[in-house]
Amino acid sequence: MELRSNVPDGPIDTKWTRHRFEMKLVNPANKRKYTVIVVGTGLAGGAAAASMAELGYNVKAFCYQDSPRRAHSIAAQGGINAAKNYQNDGDSVWRLFYDTIKGGDFRAREANVYRLAELSVNIIDQCVAQGVPFAREYGGVLANRSFGGAQVSRTFYARGQTGQQLLLGAYQAMERQIGLGKITMHARHEMQDLIVVDGRARGIVVRDMVTGEIESHLGDAVVLATGGYGNVFYLSTNATGCNATAIWRAYKRGAAFGNPCYTQIHPTCIPVSGDHQAKLTLMSESLRNDGRIWVPKQKGDTRTASEIPEHQRDYYLERKYPSFGNLSPRDISSRAAKEVCDEGRGVGPGGLGVYLDFADAIKRLGEAAIRERYGNLFDMYERITDENPYRVPMRIFPAVHYTMGGLWVDYNLMATLPGLHVIGEANFSDHGANRLGASALMQGLADGYFVIPYTIGAYLAGAKLEKIGADHAEVKRTEIEVSGRIGRLLAIGGKRTTSSFHRELGKLMWEHCGMARNERGLTVALAEIPRLREEFWTNARVVGDGAELNPSLEHAGRVADFLELAELMCRDALERRESCGGHFREEYQTEDGEALRDDRDFCHVAAWEHRGPNNDPLRHVEPLAFENVHLAMRSYK
Ligand SMILES: Cc1cc2nc3c(=O)[nH]c(=O)nc-3n(C[C@H](O)[C@H](O)[C@H](O)COP(=O)(O)OP(=O)(O)OC[C@H]3O[C@@H](n4cnc5c(N)ncnc54)[C@H](O)[C@@H]3O)c2cc1C
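What counts, and where the lines are drawn
- Residues numbered from 1 in each chain as written.
- Predicted model: local features only at pLDDT ≥ 70, side-chain atom pairs only at ≥ 80, totals over all residues.
- Helix = DSSP H or I, 4+ residues; strand = E, 2+ residues; numbered from the N terminus.
- Rg over C-alpha atoms; globule rule 2.2 N^0.38 Å.
- Contact = placed C-beta atoms within 7 Å.
- Pairing = 2+ DSSP bridges.
- Buried ≥ 20, exposed ≤ 12 C-beta atoms within 10 Å, placed from the backbone.
- Near = placed C-beta within 6 Å.
- Nonpolar A, V, L, I, M, F, W, Y, C, P; charged D, E, K, R; others polar.

A.B. asks: Before we go on, may I ask you to explain the overall build of the protein chain in this structure?
C.D. replies: Along the backbone of the protein chain there are 17 helices and 21 strands. For 637 residues, the compact-globule estimate of 2.2 N^0.38 gives 26 Å, and the C-alpha radius of gyration of the protein chain, at 24 Å, lies within 12% of that figure. Dimensions of the protein chain, computed from C-alpha atoms along their principal axes, come out at roughly 75 × 60 × 50 Å. Considering only contacts within the protein chain whose residues lie at least 6 apart along the sequence, 73% involve residues at least 24 apart.

The following block contains the structure:
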């Protein structure tokens, strides 16, 4: 396997423009001869499907929900970054590029990140044209707020529902093409496998989740936009349906998996309240614009927040990182919260919480202004905790939120398997070892609206693709393998629920491959996961049968994949003997407890190659060069 990044030559700020000119085009009359399969219709996939159909390609789109409108993207609250510099506060494409490279702790590819910053401005124009109701200033100009890791205000938002509003924009663009017959939408269809013919991705095998029928769909290229895999930890802020199945099966068919261990732990989530929980709730990072984070100075202080006087409070982010304060990046803020809780200064049940306090902001701006900015988030918090955050500080704690790892892609967003393209959270690109807030929506939409419509054309124009039919031997073989796997799951006949396996796996991962990792813990996890997997395949209880709507079977398939992916994550975390961004190896830290990178040995992407069930996966590296933002110790002080 070779990792060719295919980054164009030349100065960073002209690469994409030149590349767009140099890429081969498909003429308009020929576009309608091609079929592109898009799996996933969240922000990335929805944008891609609509844009490619608008160009004239035939698109077959798939999602497992009953409507594209229910994709997990809908949950995004806080906003989307763009270097518009509407605030005149010093922003620029270059600054967004710089912040993203630094935020990712120098573990992302420069050329991709520059392109992302460059395209950010187009996204806002596109979405405004679609009618996305971004917040506006009194005079009509689009409003901005700040997010972590930046000292400028560049985050566009629609109250606390930015993802929902952006998704409605992409969905409407898709619907237009569905109406015109250019997109065929297959909701409630779950991709089970990738069809590879002559070394190229040519289709997918799906299960109709309502009838249980196994179907093959063929095309000239496949785009995966299937989101992140944070639910490997069981408890996360992701929707409970989010899973790794599509990318994991593609990995097993030959697509390299990039940086699987890079996981983002978000600092502001509602703390876990008990074993009954199946998911966690995010309190958007936007709240850190006005909320101040603190814990008592004294260990074991059980007084209520209002009883603790100002001089006995430790606003630890403001103290440790005065330049960025409460808007320090997520990895740093999460670790700082863990540190104060480990010291015994955490608040709330079990001491696993810190305060996010709006008292000062309410005093300064008035309750109405805070309600206007964050009303829906405050309501959500109150509904879940039964505490009124206008009166008492919120209690928050870090939780798994996003996966920077994903299928490895080149500059054209193509995986190591020709014809397979991967966009949005499903790929590994752009965020390095830590994603900055409000940058996931930006990346998903840049990939979908502005990158893939060009690069897919270049692939199709340059590839010689034979027509293949449903009776092709590879198609039949893949279908048989899918049916065989489903049959095996249904035949386990064990006693333990698949949820209990998932929960146990999540605990193992949180403990050993979570916010802090070390060699001993990772070695334990690497021994425990295969044991758990073996037990799953002998003792899981999967009820019902395959020829019907069967949530038990769906869940079993996803958990089985998590049980394999988790092992790769731990392996990757063990091999990366440094700390960077969200990957904090306890053995590698500075005297102040900050992440200590090893640029000499680890300034690279690790991409893993599957080599069959009986062989260990092989680790490949793509070296990273920093020619524009020079490698430096990250500091937010
Ligand atoms: C609570 C929360 C708040 C967030 N807030 C922000 C924010 O304010 N700003 C920001 O930039 N980012 C935010 N993020 C991150 C951001 O929302 C996600 O990274 C982004 O929406 C992912 O988009 P996507 O299109 O890649 O995937 P998704 O929206 O997850 O879509 C995945 C699609 O793939 C389909 N799919 C998956 N597997 C299969 C399969 N096997 N077969 C068929 N279909 C499949 C699904 O049906 C779905 O259509 C937030 C994340 C969370 C959890």
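A.B. asks: Mind showing me how you'd approach the sheet that holds strand β14 (residues 354–357) here?
C.D. replies: Sheets are built from strands paired through backbone hydrogen bonds, the pairs being either parallel or antiparallel. In spatial order, the strands read β11-β15-β14-β12-β13; together these five strands make up an open sheet with antiparallel pairing. A single partner strand is all that each edge strand has here, and the edge strands are β11 (263–269) and β13 (313–314). In terms of strand pairing, strand β12 (residues 292–296) meets β14 through three bridges, oriented antiparallel. Residue Ile293 lies in a different strand from β14, and its bridge partner there is Leu356.

A.B. asks: What am I meant to see in helix α4 (residues 93–103) here?
C.D. replies: In an α-helix, one turn spans 3.6 residues, which is why side chains three or four residues apart end up on the same side. With eight of 11 residues buried, α4 lies mostly within the body of the structure. Burial in α4 covers these residues: Val93, Leu96, Phe97, Asp99, Thr100, Ile101, Lys102 and Gly103. Lining the buried residues of α4 we find β3 (80–81) and α5 (110–130). The first or second residue beyond α4 is Asp105, which carries a positive phi of 55 degrees.

A.B. asks: I'm lost on the environment of Tyr34 in this one. Help?
C.D. replies: The topology assignment puts Tyr34 in the loop between α2 (28–31) and β1 (35–39). Since 21 C-beta atoms lie within 10 Å of it, Tyr34 is described here as buried. Sequence spacing of Tyr34 and Gln65 is 31 residues, and the spatial spacing of their C-alpha atoms is 26 Å. Not counting residues within four places of it along the chain, the set of residues in contact with Tyr34 comprises Val26, Tyr57, Asn58, Asp220 and Leu460.

A.B. asks: Is there a simple way to think about the site of the ligand in this case?
C.D. replies: Near the ligand there are 46 residues, and of these Gly40, Gly42, Ser73, Gly227 and Gly424 occur at the shortest range. Of all the secondary structure elements, the ones that give two or more residues to the shell around the ligand are α3 (43–55), α6 (162–179), β6 (189–197), α7 (245–252), β15 (394–403) and α12 (440–462). Tallied by class, residues from the shell around the ligand come to 21 nonpolar, 23 polar and two charged.

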